[in-house]
Amino acid sequence: MAMAASSNSEAESASDISNLFKPIYLKDVPHLSHYVPNLQTRPNPLDHNPYFNTRHLRDHGFYLTHSDLVLRHIENDPSPLPRFAYHRAGPRKLIYFDPSLVRVGIVTCGGLCPGLNTVIRELVMGLWHLYDVRHIMGITAGYRGFYSSEPLPLNPKVVQHWHNVGGTLLQTSRGGFHLNDIVDAIQNHAFNQVYIIGGDGTMRGAVKIFEEIRRRKLEVAVVGIPKTVDNDVGIIDKSFGFQTAVEMAQQAISAAHVEAESAVNGIGLVKLMGRSTGHIALHATLSSRDVDCCLIPEIDFYLEGKGGLFEFLDQRLKENGHVVIVVAEGAGQDIIPRTDSQKEEQDESGNLVFLDVGAWLKSELNNWWARDHPHELFTVKYIDPTYMIRAVHANASDNLYCTLLAHSAIHGVMAGYTGFVTGPINGNYAYIPLEDVAQANNPVDTKDHKWSWVRSITNQPDFVRR
Ligand SMILES: Nc1ncnc2c1ncn2[C@@H]1O[C@H](COP(=O)(O)OP(=O)(O)OP(=O)(O)O)[C@@H](O)[C@H]1O
Ligand SMILES: O=P(O)(O)OC[C@H]1O[C@](O)(CO)[C@@H](O)[C@@H]1O
Ligand SMILES: [Mg+2]
């Protein structure tokens with residue numbers, strides 16, 4: 001019997017790994033040589049850089065080749081989904097630009113995120129010290145800066161201390177995306193390398209810029225560096241600044257806990273960023289362990305009745321005397337009453353303006369308690385650290401991440417790639433088609449282990465009406 005069982009399970013595990021041999025499709029990225037004829041190549045200047053030993057042999061040398069790939073899924077995925085591979089980021093033996101003729105434009109768009117200034121600094125440092133590029137310009141105040149203001153000359157001396165400063169010293173903005181004005185400005189400034197740092201909206205704009213540049217057959221490489229404190233950009237492992245934001249959120253949660261615990265029937269309510277994804281709220285909840293309930297945009301919730309939030313809070317207050325709630329800014333937007341004009345309100349980029357879910361919840365909580373427990377003490381302390389978690393400089397690990405991102409972007413552009421994004425996939429830096437990143441979003445997967453883990457430590461309801 002034992003023998004039969006063991007050979008059965010061996011046969012099962014042997015057949016289980018057949019998916020490892022599914023075909024792998026390469027997600028190629030565009031290259032300048034695809035549409036610009038007769039491009040000259042030259043040896044990589046790293047050959048003569050005293051800090052790099054380019055003759056040092058790994059398996060096949062210091063430089064990466066077209067065959068160095070990163071797999072999208074490294075686990076044995078039993079689903080019928082296809083398997084994809086991306087070009088691995090890093091220096092190439094031959095480059096497609098004469099460094100003395102390179103003219104760089106760097107722009108930051110969208111909301112702030114810890115690490116923006118580090119990425120800019122490392123782009124400047126890397127271009128200057130690795131590739132001897134001397135003409136580097138910062139475009140000020142987002143996409144509109146291309147056509148509405150003079151660029152800011154950047155060099156190592158100017159950017160030396162930028163990694164110690166939050167925000168973006170180039171400034172940023174929303175809106176102002178006028179494709180032809182932007183590409184005309186790129187031509188007028190004779191930029192041939194454009195580094196675009198921003199979130200999902202920025203990447204969608206970058207695709208259009210790249211396509212227009214290709215349509216005009218300009219010898220200009222366009223690279224996107226994904227930035228989003230919400231971690232809502234897909235394909236890459238996570239976005240820079242996200243970890244810093246989660247770390248900063250701990251202070252708010254901890255304060256909410258102290259306030260709630262020090263009151264009779266105290267509720268500490270913390271609103272964290274996350275327009276369409278609850279990653280910050282989820283990760284902050286898991287790291288803190290003081291949170292009783294985490295509300296995210298991916299899960300609808302309701303207040304009244306069986307299985308609702310109030311029933312859960314009632315119970316938890318009876319058990320513990322206090323409750324800490326973390327709510328992502330995009331949660332509950334469907335159930336907050338809106339006036340007609342609020343339904344229409346958009347920011348300059350066309351994103352719907354959200355109502356303050358924290359303020360609404362606070363008022364609903366107070367009404368509920370006054371109605372159901374009129375003679376008992378009750379306190380809601382609402383903490384909204386919104387900008388405090390993103391308007392800070394990057395922590396050590398995000399700073400390192402920003403450096404690797406910037407250098408990966410530079411190596412890819414110098415090698416002639418264009419219309420791509422660089423970012424880590426399974427811990428390895430890769431070149432990903434811009435279009436794919438612009439289309440991919442990254443919601444919290446509420447069916448996977450991480451969300452189950454949240455539910456298991458908070459024991460909060462699943463908000464499924466039964
Ligand atoms: N579909 C689009 N096509 C062209 N440009 C776009 C598009 N969506 C947004 N943009 C432009 O990209 C810039 C940034 O967009 P947005 O304000 O949505 O921020 P984001 O890049 O998504 O960053 P975040 O959401 O993390 O703050 C703006 O200048 C906006 O006009
Ligand atoms: O107030 P701002 O600068 O428009 O930014 C707020 C938004 O930016 C983000 O930080 C990133 O999209 C969101 O979480 C938030 O809704
Ligand atoms: Mg966005």
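Not measured: the values here are computed from a predicted model.

**Observations concerning the overall build of the protein chain**
And then number 1: A tally of helices and strands in the protein chain yields 14 helices and 16 strands.
And then number 2: In terms of overall dimensions, the protein chain has C-alpha extents of about 80 × 75 × 40 Å along its principal axes.
And then number 3: Per-residue burial over the protein chain gives 45% buried out of 466 residues.
And then number 4: When contacts within the protein chain are restricted to residue pairs at least 6 apart in sequence, long-range pairs at least 24 apart make up 78% of them.

**A few points about the site of ligand 1**
And then number 1: Lining the immediate surroundings of ligand 1 are 20 residues, of which Gly110, Gly111, Gly199, Gly201 and Gly205 lie closest.
And then number 2: Per element, the largest residue contribution to the shell around ligand 1 is six residues, and it comes from helix 6 (residues 200–215).
And then number 3: Classifying every residue of the shell around ligand 1 by side-chain character gives three nonpolar, 13 polar and four charged.

**Structural notes on the UniProt feature "active site" (unreviewed entry) in the protein chain**
And then number 1: Summarizing the sequence annotation, UniProt attributes the feature "active site" (unreviewed entry) to Asp230 in the numbering used throughout.
And then number 2: If you trace the backbone, Asp230 turns up in the loop between strand 10 (221–226) and helix 7 (242–261).
And then number 3: We classify Asp230 as buried; it has 28 C-beta atoms within 10 Å.
And then number 4: Not counting the four nearest positions on each side in its chain, Asp230 is found in contact with Met273, Gly274, Arg275, Thr277, His279 and Ile280.

**Some words on the pairing of strand 9 (residues 193–198)**
And then number 1: In terms of burial, strand 9 is largely enclosed, as six of its six residues are buried.
And then number 2: Across the two faces of strand 9 the burial is the same, with Gln193, Tyr195 and Ile197 and Val194, Ile196 and Gly198 all buried.
And then number 3: Of the pairings in the sheet, the one linking strand 6 (residues 103–108) to strand 9 comprises five bridges and is parallel in character. Of the residues in strand 9, the one forming a bridge with Thr108 is Ile197.
And then number 4: Looking at chain direction, strand 9 and strand 10 are connected through six bridges and run parallel. Bridge pairing links Ile197 to Ile225 in strand 10.
And then number 5: Following the chain from strand 9 across helix 6 to the adjacent parallel strand 10, one finds a crossover that is right-handed.

**Details of the sheet that holds strand 14 (residues 379–383)**
And then number 1: The four strands lie next to each other as 12-13-11-14, forming an open sheet whose pairing is parallel. Every interior strand has two partners, whereas the edge strands, strand 12 (293–295) and strand 14, have only one. Within the sheet, the average angular offset between the axes of one strand and its neighbour, ignoring direction, is 15 degrees.
And then number 2: In terms of strand pairing, strand 11 (residues 266–272) meets strand 14 through five bridges, oriented parallel. The partner of Val270 across the bridge, within strand 14, is Ile383.

**A look at the UniProt feature "binding site: substrate" (unreviewed entry) in the protein chain**
And then number 1: In the numbering used here, UniProt assigns the feature "binding site: substrate" (unreviewed entry) to Thr228, Val229, Asp230, Met273, Gly274, Arg275, Glu329, Tyr387, Met388, Ile389 and Arg390.
And then number 2: Relative to the helices and strands, Met388 is located in the loop between strand 14 and helix 12 (396–414).
And then number 3: The class of Met388 is partly exposed, set by 15 C-beta atoms lying within 10 Å.
And then number 4: Looking at the secondary structure, you find Ile389 in the loop between strand 14 and helix 12.
And then number 5: Accessibility expressed as a C-beta count within 10 Å gives 23 for Ile389, which makes it buried.
And then number 6: With residues near it in sequence (within four places) discarded, Ile389 still touches Ala245, Met248, Ala249, Leu272 and Met273.

Conventions used here
- Here the residue index of a chain counts from 1 through its sequence in written order.
- Chain A is the first chain written and ligand 1 is the first ligand written, with later ones labelled in order.
- For this predicted model, a pLDDT threshold of at least 70 governs which residues receive local features, and a threshold of 80 or more governs which side-chain atom pairs are given and counted, while totals over whole chains, interfaces and linings are taken from all residues.
- We count a stretch as a helix when DSSP gives it H or I for four or more residues in a row; a strand needs E for two or more, and each element gets its number in order from the N terminus.
- Exposed residues have 12 or fewer other C-beta atoms within 10 Å of their own C-beta, buried residues have 20 or more, and partly exposed residues fall in between, where C-beta atoms are placed from the backbone.
- The contact criterion used is a C-beta to C-beta distance within 7 Å, with each C-beta placed from the backbone.
- Near, for a residue, is defined by distance from a backbone-placed C-beta atom to a molecule or strand, with 6 Å as the limit that must not be exceeded.
- Following the grouping adopted for this structure description, the nonpolar residues are Ala, Val, Leu, Ile, Met, Phe, Trp, Tyr, Cys and Pro, the charged ones are Asp, Glu, Lys and Arg, and the polar ones are all others, Gly among them.
- UniProt positions are given in the numbering used here, feature names are shortened, and annotations may be inferred rather than shown by experiment.
- Two strands pair under a simple rule: DSSP has to find at least two bridges between them.
- Note on handedness: a clockwise path from strand one over the helix to strand two, with the strands aimed away from the viewer, defines a right-handed crossover.
- To obtain an axis, a line is fitted to C-alpha atoms, over the contacting stretch when the element is a helix, and the angle between two such axes runs from 0 to 180 degrees between their N-to-C directions.

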